[in-house]
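So you can see what is in the structure, the chains are spelled out below.
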Amino acid sequence: MSALPFAAFSIAPLPSGWTEHLGPGGQPYYHNSQTQESTYIRPLPPIAAQPVKKKEKPLIKTPIPGTEWLRVTTTEGNIFYSHKLKKESVWVVPEELKAALETLQAEELRHQATANTNSANTNRQHPSENGQTVSKRKAEDIAHVDELAATKKAKVEEEEDGDSEEEEEEEEEDWQRDAAEQLAAEATQERERVEMERERENELKLLELQQTSPAAAIIMPQKVDLSIEEGKALFKTLLREKDINPLHPWDISLPKFVSDPRYVLLPSVAARREAFDEYCKERARELRQSTVKKEKEAANPKDEYDKLLKDEIKSTRASWTDFRGTWKKDRRFYGWGRDDREREKRFREFLKDLGEQKRAAAQKAEVYFFALLKESGSVKEGILWKEAKKAICKDPRYEAVGSSSLREELYQTFLKGQGSLDAKKQDSSDITTQDVNTKGSVGDRQERRNKAVKEREDKVKTERRRLDADIEKSKLGIDQEEGERSFRTLLTDAIRDPLVTWESVQRQLKTDPRFTKSALHPKQKLHLFDTHISHLRAKHINVLYNIFEANAPSLATPFSALPLEEILKSPPVIKLGYDIGLLEDEFNKWQRERTSTWRIAFDEMVGENSFIEFWGRLGKIGGEGVNGGVKIDDDDIGEGEGEEKVDMKALAKTVDIREMEKVLKNDKRYIMFEHVPDQRERWLRSDVARLRKIVINSLYSHQEIFLRELLSNANDALEKLRLTALTDKTVWDGTNPLNITIKADKDEDGKGGRIVIADTGIGMSPEELTANLGTLAKSGTSDFLAKAEGQEVTATGNLIGAFGLGFYSSFLVADRVQVASIPPPSAKNPNPVQHIFSSSADDSTFDVYPDPRGNTLERGTEVTLFLKPDALDYLDEAKLSNLVHKHSAYSSTFPIYLFEKWTEEVPDESVELPATELPDEDTPEPSSSSVSAEDDDEATVEDVVKDEENETPPPRMVNVTKEAWSRLNSQPPLWARDPKNITEDEYNSFYTSFFKDFSKPLAWHHFSADAGSGTAFKALLFFPSKLSEDFWQKPLEYVSKDFKLMVKRVFITSDIGGEGLPKWASWVKVVVDADDLPLNVSREMLQSNRFLKQLRQIIIKRMIQLFQKISEGDDQDKYDKLQETYGSVLKLAAVEDTKNRDKLAALTRFTTNQRNNTSFDQYLEKRKKGQKQIFYLAEMGKKPEDLAQSVFVEKLDARGYEVLLLTEPLDEILVGNLREWKHIPFQDVAKAGLKFGDEDLDPEEEKEQLKTLNEKFKPLLEWLKKEANDAVRDVVLSNRLVKSPCAIVADAHGYTANVQKMMSASNAKGNRGGLLHEYAMKAKLLEINPRSPLIEGLLRRVMDLPADEDERDLEAEEELKEVASILIDGALVRSGFEVPDSNKFFSRVDRVLRRSLGVSETATTDESVKPAPPIDPELPVNEPELPPVEDDGKPGVFLPDELKDQIQIDMEEIDEEGNPVVQVEHDEL
């Protein structure tokens, strides 16, 4: 009997201890009162342990009379047949046994009928037991839902090798004894089997009904028997694959991997939690080690430490203690050395080296100083140092000696070293000098003092004069600028005639004060006058040039053709004073400048159209060109060996300029030179030489573009055939298929290959091959549209080609290209002949000739690309398939097929077994394939008797190559259809296949629009059901590739640069298909950003509309999912997008102290009378229900005011950016200055009461302010507290606790603002509740403190101070701030607890602990890690080697309803 599917049962009951509750958001959560654990995931009841299934063994052996066969019944009730001599067993009755078996069964039935009653009762007992065994086996077979669809497999158990012949004979006798009892059991089993089959059919019908019903069945993963360690290893592998953040808790990370089958590999939640914790520790350790390793690799630690010493240690008196205290937290300090001892040693060595360097530098400076004294002529005996240093103080060698006293000492030493003239003279001179010095010592000291004062005064005066000069210069500069501005204004007002002179106009200007009072120099005035006159002349000349341009549109217009009489009477000519001669000179000058400008524009035009003509129509260098074309002149051969040069003049002669003229004849830059056609033709020829290289190497930036271009050409060929057949049925009767095929052929040696792209389109004649492929920028599609212009048939075509250059992209990957083509029969050409166009990338020619193979194509074109060595990877069929899906999956409505080859391993049927191994002809082999259709549902077990001598070898396997055509563009372009005709399933299917996201989208928007630039497009916009983890975890690195820009259903790009969607909207998945865009020739990028700006605005507008539609809709589940997934995104969008800030902010939702999911507008609807603020309280990371219990909300909540509870980091940032909503400002209730709005309505009694309270609590306020010190700025009475005794609030310009937490989380140490930051950190107020009994008791204790110094009770004061400290620190904690010193805080709490429990405050704790074990010199051995697995880019499951033989995974493709998809081979080709 099969088990019912899981969906048929009701929801499993909760385990013991768990209860269900309703959360604030409406979603249920579950709480365990025993473990105090809560979760949003429904706990499952414990799974009963599966009984260990016993090994199936033979139970009864019944000999079949007249044969060597035995009928064996197993312990599970299964029956098979064994040959005693051959040791062979089969499950199906052999042909030779059927007659004997029927006789045995008839004998057994006869024996059962003639048995007596006692034996019958005995026989009934055994079938009952046997039936129970069968039922038990069946119940175990249906234990899991997944086993319903699984095919039952034969359970084969081998007999133990050690069974002896004697044991088999004893077992045979026992089985024969029980044979009679087994006969009755088989009859009972048959009846039970029929009943079970009937029940199984009913259950399968019920399962089919449930699968077709909308309710989705719960898929439970199959259980795999593993050890705990193996399960942990696989579970950790799962966590690594999901890239679980080790810092996230279990509840947050669980939804990311709970749906993975490997989640159930561990038997219990505790085991999974344990493995999760181990993974977090290991992963965090790996990340830390990786970071440290990267930083160590970035720089040598020893060099960094030495650099730190060199930069910071400048004195040999530096202290190691000071240095270590300053830099111990710097990585450059602790990054090198085993410990501080080694760092200190290096520090001492550095000081020693620094001392040696300074000593050497000092000695060198002394040597140079002696040399300076010797070179100076003013240093003589008897000259004082004060006088001598004036002559040498400016020399660098003087400053090299750092100390002034040392310089004087060196000077004295130098003087002593000089030779004396005479000892007596020296003695007398010394005595005289000594007497003079003794007499005049007092006078010299006063003189030196007066001289120093005078020097300082001179220095101050000099500095003062310098400052006065700078001030005068700045004033002069300002006056100069102001004077020039005033004089220019004068010239503008007074002078309008460009012919006046400076001498003639001075009399007029002198009457104006701006001229007479001007401080400008006369030359400056003259310069400004000349500049003004030049400006007037240029203005009139520009007007004259406009008159010339209106009367001379062509460059060939002569001066005589102008209406001279009218021009001479025009105002600019009169103002300029031109006569006929000067006017002609000015006209000729204008024509020369105009011709030069148009010549530059002509060159730009040629550069823009340099791809017009295929320049490579030359033959190989040194030979004849096509039709006896160009040769190389001898003069053009270079001097280098092997250097080749082209005669560009001869090349220009062979270029068909008429083709270029057809393209350029409508360009004004070309028309302007109609009067010099020969010269214009020479200009064109001179630019043709570089055309082909530009096409091949410059137009396309990616090789893979070639396939897109060739498929677009094939689509155009098919579309032309279809459109032509509308008017000419002879070209196509509608029966032959229209398709495109791609085939990759590798060479046998593997060194080359080719790609063949064929279509069954319109084909080309030899003339068309030459015109379309042999001429650059010759677009056959454009010509076709031009010929069919005005016909209705063109309106239904999907023609892509426009430039005529797509074919040349094939040279990006191919050395040589061959194009075989044949047009359909027509009246003009009833018997067309297939021709080949052949060209090479390096050659300068092409050939068109009849195909020697004959007409191998019925109709159409075949392009063969002979690939370059660096492009052989395009022979990979998977890569070709990916390129088609990327660029051209929707570009063509015609089928695109790819020829695929794959290898399968099958038995070799050509190899025959040896004669000794051939089985008996009459004995079929025991194989599962031999089981009849009636036995498919029965579980079978094969008992194989092992005989190594006669064991049949496994069949020989051979690799067989199979081939098939697969269609690549089966999915239609959904965005091109009418949204009214598209079902929800089609949108979901398209989303999954196009964006490779297998979860259903949350919402979509299908629309058509027209950009302001006139470009129409269709778009399909999807909101994914979940965001990528990188969007939040790696915001700077996150780049979305799901913006698909197409033109005519051809994929263009996913990267639109700086004009892409903003960061907050980069997650959206969009398909945009424009009818036409200003693309470059390669169609890889847009030429204009105007459309992208308009497209960006349209998509953002549509996204906001879709958000609004879901928010205003009736689907509550979708709305909840929207807020869960995009709630934070909308807040980020409102912060970043200033243009749409109001619309986006209106979509945000917040939790309040009264309700959930509240918008700003809904808040204002419940605003109280007189309320002039929007109250909010922010604390990130806290639950809304906990934040609603904050001390700041007590009175607001009690009075019925609604408060926004902001729990996300973006919430307060959004409020800070908005500042107000509909002219109502936001008010943080955690800041001072809270007003309810009805204070003016308070009666006089309440105001008097408040005044009385302030007087009453004034002693307490002053005492608390004194005890608080720097913790708070002030202590005041609170109007916001109801039950709490006190709270810490931020000042109006201070930081709240939430802001401080955000600053700490961002670690923005470098962004702090000095004094203002310090002030904001300390700007806190302590508010106390005068109605709190605790505060009243504290007031009494403070009032009881004796005022007299002699009566003070120090112990009572200390106890009261301790209570005040605990009160203030507790207020800091309750208000969300950090305690300045947590150790002191908890020490005070410990003392209070000791006193309340009667424990002595001086009682010590027993600190005796067990010492650590001795040192272990051996390093721990790491556990072996799993070997690295090579990732080939294909999907798969990685298993360790020990599990590969134990786990089998079968996969098949299923449709949306769960039915297997059968692959159908296409035979249209």
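About the criteria used
- Residue positions are given per chain, counting from 1 as you read along its sequence in written order.
- For a predicted model such as this one, the threshold for reporting local features is a pLDDT of at least 70, and the threshold for listing and counting side-chain atom pairs is 80 or more; totals across whole chains, interfaces and linings nevertheless cover every residue.
- The basis for every side-chain value is the complete set of non-hydrogen atoms in the structure, without hydrogens or water.
- Helix and strand labels come from DSSP, where a helix needs a run of H or I of at least four residues and a strand needs a run of E of at least two; each type is numbered from the N terminus.
- Here, two residues are considered to be in contact whenever any of their heavy atoms come within 4.5 Å of each other.
- Each accessible area is a Shrake-Rupley result for a 1.4 Å probe, and residues are judged covered by the shown protein chains and nothing else.
- Classification of residues uses two cut-offs on accessible area relative to the type maximum, computed with a 1.4 Å probe and protein chains only: under 20% is buried, over 50% is exposed, and between them is partly exposed.
- Should DSSP find at least two bridges between two strands, the strands are regarded as paired.
- The criterion is simple. A nonpolar core is a set of buried Ala, Val, Leu, Ile, Met, Phe, Trp, Tyr and Cys residues joined through side-chain atoms within 4.5 Å.
- Counted as salt bridges are all cases of a side-chain nitrogen of Lys or Arg within 4 Å of a carboxyl oxygen of Asp or Glu.
- Side-chain atoms alone can form a polar contact between residues adjacent in sequence; in general such a contact is a pair of N or O atoms within 3.5 Å, and within protein one must be able to donate a hydrogen while the other accepts it.
- Note on aromatic pairs: the rings of Phe, Tyr and Trp (six-membered ring only in Trp) are paired at centre separations within 6.5 Å, and the planes decide the class, stacked below 30 degrees, edge-to-face beyond 60, tilted for the rest.
- Here, patches come from residues exposed beyond 30% relative accessible area and free of salt bridges, joined within 9 Å for like charges and within 5 Å for nonpolar side chains (Val, Leu, Ile, Met, Phe, Trp, Tyr).
- The convention is simple: Lys and Arg are positive, Asp and Glu are negative, and His and the chain ends are not counted.
- Positions of charges follow a simple convention, taking NZ of Lys, CZ of Arg, CG of Asp or CD of Glu.
- On a range of 0 to 100, pLDDT expresses the predictor's confidence in each residue.
- A helix is expected to reach a length of 1.5 Å times the quantity of its residues less one.
- By definition, the arc is the one covered by directions from the helix axis to the C-beta atoms.
- Only the stretch in contact is used when fitting a helix axis, every axis being a line fitted to C-alpha atoms; angles between N-to-C directions are given from 0 to 180 degrees.
- Geometric relationships in this document are graded by angle, where less than 35 degrees denotes roughly parallel, more than 145 denotes roughly antiparallel, 65 to 115 denotes roughly perpendicular, and other angles denote oblique.
- The handedness criterion is simple: a crossing whose near helix is rotated anticlockwise from the far helix by less than a right angle is left-handed, and one whose near helix is rotated clockwise is right-handed.
- Following the grouping adopted for this structure description, the nonpolar residues are Ala, Val, Leu, Ile, Met, Phe, Trp, Tyr, Cys and Pro, the charged ones are Asp, Glu, Lys and Arg, and the polar ones are all others, Gly among them.

Colleague: I'd like a description of the overall build of the protein, backed by residues and values.
Modeller: Looking only at helices and strands, the protein features 48 helices and 28 strands. In the protein, once contacts between residues fewer than 6 apart in sequence are set aside, the share between residues at least 24 apart is 70%. Looking at the protein as shown, the accessible area adds up to about 90,400 Å², and 51% of this sits on carbon and sulfur atoms.

Colleague: So what's going on with the pairing of strand E28 (residues 1324-1328)? Which residues, and what values?
Modeller: E28 sits mainly inside the fold: 5 of its 5 residues count as buried. Neither face of E28 is open: one carries Lys-1324, Leu-1326 and Ile-1328, the other Leu-1325 and Glu-1327, and all of them are buried. Sheet topology note: the strand E26 (residues 1274-1277)/E28 ladder contains 4 bridges and is parallel. Residue pairing in the sheet places Leu-1277 in a bridge with Ile-1328 of E28. Strand direction decides the pairing type here: strand E27 (residues 1286-1290) and E28, joined by 5 bridges, are antiparallel. Its bridge partner being in E28, Ile-1288 is matched across the sheet by Leu-1326.

Colleague: Any details on the nonpolar core? Residues and values, ideally.
Modeller: Core analysis: the largest hydrophobic core is formed by 81 residues, its most contacted members being Phe-1017, Phe-1023 and Trp-1067. Per-element tally for this core: the top contributor is helix H34 (residues 1090-1112), with 11 residues. Apart from residues no more than four positions distant in its own chain, Phe-1023 is found in contact with Pro-1001, Leu-1002, Ala-1003, Trp-1067, Val-1068, Met-1103, Leu-1106, Phe-1107 and Tyr-1126. With 45 residues, the next largest nonpolar core counts Phe-706, Leu-707, Ile-762 and Val-819 among its residues.

Colleague: Give a description of the pattern of salt bridges that names residues and reports values.
Modeller: Considering all chains together, one arrives at 49 salt bridges under this definition. Two residues, Asp-1390 and Arg-1394, come together in a salt bridge whose shortest N-O distance is 3.1 Å. In this pair, Asp-1390 and Arg-1394 are both assigned in helix H47 (residues 1382-1397), 4 residues apart and thus about one turn of the helix distant. Asp-1390 sits in the partly exposed class, given a relative accessible area of 37%. One continuous salt-bridge network, built from bridges that share partners, spans Lys-232, Lys-236, Glu-274, Glu-278 and Glu-282.

Colleague: Requested: an account of the side chain of Ser-1284, with residues and values cited.
Modeller: Following the sequence through the fold, Ser-1284 ends up in the loop between E26 and E27. Reaching out from Ser-1284, the side chain makes a polar contact with the side chain of Glu-1194 at a distance of 2.3 Å. Within the structure, Ser-1284 has its side chain in polar contact with the side chain of Arg-1374 (distance 2.9 Å). With sequence-adjacent residues up to four places away left out, Ser-1284 is seen in contact with Val-1191, Glu-1194, Asn-1329 and Arg-1374.

Colleague: Tell me about unusual backbone geometry, residues and numbers included.
Modeller: Positive phi is not limited to glycine here, since Asn-1157 has a value of about 50°. Its location among the elements puts Asn-1157 in the loop between strand E21 (1151-1152) and helix H37 (1160-1165). On the accessibility criterion, Asn-1157 (29% relative accessible area) is partly exposed.

Colleague: Explain the packing of aromatic side chains residue by residue, including any values.
Modeller: Counted according to the given criterion, the structure contains 46 aromatic pairs. Ring centres of Phe-257 and Phe-276 lie 6.4 Å apart, and the angle between their planes is 25°; on these two criteria the pair is classed as stacked. With Phe-257 in the loop between helix H6 (250-253) and helix H7 (269-298) and Phe-276 in helix H7, this pair connects stretches of sequence that are 19 residues apart. Here Phe-257 falls in the buried class, since its relative accessible area comes to 0%. For Phe-276, a relative accessible area of 2% puts it in the buried group. Look at Phe-559 and Phe-587: their rings are 5.7 Å apart centre to centre, the planes differ by 55°, and that puts the pair in the tilted class.

Colleague: Hey, could you go over a positive patch on the surface for me, with residue numbers and the actual values?
Modeller: A surface patch of like charges, here positive, comprises Lys-386, Lys-390, Arg-445, Arg-448, Arg-449 and Lys-451. At 4 residues, helix H16 (residues 441-494) tops the list of elements feeding residues into the positive patch. Counting through the fold element by element, Arg-449 comes out in helix H16. Assessed through its relative accessible area of 45%, Arg-449 is described here as partly exposed.

Colleague: Mind laying out the confidence of the model for the protein, listing which residues take part and the relevant values?
Modeller: Summing up the model confidence of the protein, the mean pLDDT is 75 and the portion of residues at 70 or higher is 73%. Strand E13 (residues 860-867) holds the highest mean pLDDT among the elements of the protein, 94, whereas helix H23 (residues 648-654) holds the lowest, 41. In this model, residues 915-949 is a region of pLDDT below 50 whose contacts with residues beyond four sequence positions or in other chains number 54 contacts.

Colleague: Pulling in residues and values, what's your account of helix H1 (residues 98-114)?
Modeller: With 17 residues, H1 extends 25 Å from end C-alpha to end C-alpha; this agrees with the ideal 24 Å at 1.5 Å per step. Residues Ala-100, Leu-101, Leu-104 and Glu-108 constitute the buried set of H1. In a view along the axis of H1, the buried residues occupy a sector of 100°, so they form one face of it. Within H1, the exposed residues directed more than 90 degrees away from the buried face are Ala-99, Glu-102, Thr-103, Leu-109, Ala-113 and Thr-114.

Colleague: For the sheet that holds E26, give the residues involved together with the corresponding values.
Modeller: Pairing is mixed across the open sheet formed by 3 strands, whose spatial order is E26-E28-E27. The open sheet is flanked by E26 and E27, the only strands paired with a single partner. The mean inter-strand angle of the sheet, taken between neighbouring strand axes irrespective of direction, is 30°. Packed on one face of the sheet, helix H46 (residues 1354-1374) meets E27 and E28 and runs near 55° to E27.

Colleague: Describe the packing of helix H35 (residues 1116-1136) against helix H40 (residues 1209-1218), and please don't skip the residues or the numbers.
Modeller: One can describe the packing of H35 onto H40 by two numbers: an axis separation of 9 Å at closest approach and a directional angle of 30°. As the angle between them shows, H35 and H40 are arranged roughly parallel. Note on packing geometry: the crossing formed by H35 with H40 is left-handed. Seen from H35, the contacting residues are Ser-1128, Lys-1131, Leu-1132, Ala-1134 and Val-1135; seen from H40, they are Leu-1210, Asp-1211, Ile-1213, Leu-1214 and Asn-1217. Per-class residue counts for the contact of H35 with H40 are 6 nonpolar, 2 polar and 2 charged.

Colleague: Break down the sheet that holds strand E9 (residues 753-759) for me, citing the residues and quoting the values.
Modeller: Taken together, the 8 strands give an open sheet; going across it, the order is E12-E11-E10-E13-E9-E8-E14-E15, and neighbouring strands pair in mixed fashion. The open sheet terminates on both sides in strands that have one partner only, identified here as strand E12 (846-850) and strand E15 (957-967). Along the sheet, successive strands turn relative to each other by an average axial angle of 20°, direction set aside. Of the strands in this sheet, strand E8 (740-746), E9 and E13 touch helix H28 (residues 705-725), which is tilted by about 25° from E9.

Colleague: Tell me about the packing of helix H8 (residues 301-312) against helix H9 (residues 320-327), residues and numbers included.
Modeller: Running from N to C, H8 and H9 point in directions that differ by 115°, and their axes come no closer than 13 Å. Classified by the interaxial angle, the pair formed by H8 and H9 is roughly perpendicular. The crossing of H8 and H9 is right-handed. Facing H8, whose interface residues are Tyr-305, Leu-308, Leu-309 and Glu-312, H9 presents Trp-320, Phe-323 and Trp-327. For the contact of H8 with H9, the residue count by class is 6 nonpolar, no polar and 1 charged.

Colleague: Quick one: what's the story with the environment of Ile-1100, residue by residue and with numbers?
Modeller: Position of Ile-1100 relative to the elements: it lies in helix H34. Each C-alpha atom, one on Ile-1100 and one on Asn-1140, is 9.0 Å from the other, the two residues being 40 residues apart in sequence. What Ile-1100 contacts, discounting residues up to four positions off in sequence, is Leu-1061, Pro-1062, Trp-1064, Asp-1137 and Asn-1140.

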